[in-house]
Amino acid sequence: MPDAKRLKRLHRVRTLQLGLARADEARTQAQLTRETQLAQRIAQLAGAVAPAPASFAGAVNLAAAAHFRDRLHRSAEAAQNRVRMAEAQVARSAEATRGARRDQSAVEKLIDRQHAADLRAEMKALEDAPARPKR
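All chains use their own residue numbering, which begins from 1 and follows the written sequence. Owing to the predicted nature of the model, reporting of local features is limited to residues with pLDDT of at least 70; listing and counting of side-chain atom pairs is limited to 80 or more, with chain, interface and lining totals taken over all residues. With hydrogens and water stripped out, all remaining heavy atoms of the structure feed into the side-chain values.

Undergrad: Explain the environment of Ala 26 here, please?
TA: Secondary structure elements follow DSSP: runs of H or I no shorter than four residues count as helices, runs of E no shorter than two count as strands, and numbering proceeds from the N terminus. Take Ala 26: it is sitting in helix α1 (residues 4-49). Relative accessibility decides the category of a residue: with a 1.4 Å probe and only protein chains considered, values under 20% of the type maximum give buried, values over 50% give exposed, and everything between is partly exposed. On the accessibility criterion, Ala 26 (46% relative accessible area) is partly exposed. Along the primary structure Ala 26 and Ser 93 are separated by 67 residues, whereas in three dimensions their C-alpha atoms are 8.8 Å apart.

Undergrad: I would appreciate a short explanation of the packing of α1 against helix α2 (residues 59-128) in the present structure.
TA: Angle between the axes and distance between the axes are the two parameters that describe a pair of packed helices. Orientation is described by axes fitted as lines to C-alpha atoms, over the contacting stretch for helices, and by angles from 0 to 180 degrees between their N-to-C directions. Put simply, α1 and α2 touch, their axes get as near as 7 Å, and they point 165 degrees apart. Relative to α2, the element α1 lies roughly antiparallel. Taken as a pair, α1 and α2 cross one another with a handedness that is left-handed. Gly is put with the polar residues, along with every residue not named as nonpolar or charged; the nonpolar set is Ala, Val, Leu, Ile, Met, Phe, Trp, Tyr, Cys and Pro, and the charged set is Asp, Glu, Lys and Arg. Here the residues of the contact of α1 with α2 are counted per class, giving 25 nonpolar, 14 polar and 11 charged. Angles below 35 degrees are treated as roughly parallel, those above 145 as roughly antiparallel, those between 65 and 115 as roughly perpendicular, and all remaining angles as oblique. Handedness of each helix crossing follows the sense of rotation of the near helix against the far helix: counterclockwise by less than a right angle gives left-handed, clockwise gives right-handed.

Undergrad: Before we go on, may I ask you to explain a positive patch on the surface in this structure?
TA: Candidates for patches are residues over 30% relative accessible area with no salt bridge; among them, like charges are joined within 9 Å and nonpolar side chains (Val, Leu, Ile, Met, Phe, Trp, Tyr) within 5 Å. Every accessible area reported is derived by Shrake-Rupley at a probe size of 1.4 Å, with residue values counting cover from the shown protein chains alone. The salt bridge criterion pairs a side-chain nitrogen of Lys or Arg with a carboxyl oxygen of Asp or Glu, the two atoms within 4 Å. Residues scored as charged are limited to Lys and Arg (positive) and Asp and Glu (negative), so that His and the chain ends carry no count. Where a charge lies is defined by one atom per residue type, namely NZ (Lys), CZ (Arg), CG (Asp) and CD (Glu). There is a patch of like positive charges on the surface, built from Lys 5, Arg 6, Arg 9 and Arg 12. Of note, Arg 6 is situated in helix α1.

These figures capture arrangement, not role.
Next up, the structure:
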């Protein structure tokens, strides 16, 4: 079984890895939020540029609105792709965080076992020690 110094060092490393994994997960979640908000803003803009049924706009205005509507739809598709990619990244970083937590828990269990073994050894040493003479 590994010695106490090695276990403490392992625990420190695993704790740092867990912290980094949690920070990465928070970053990816924030990125997903930003991408979702951007997609929603683009959808609102596309809705605002949609042709109105009672509008008597000229041909130039209709052509410009159609052009912008087309560009907004392409931007909306790209934004949806970015949202899907961000969701996948969030899932990967969440799995990495769970893995780091499992690793840290395993090291903590090893530390607890080592501590229990040390306590048992001390108790055994006390049991085996000769009795002190009474005065």
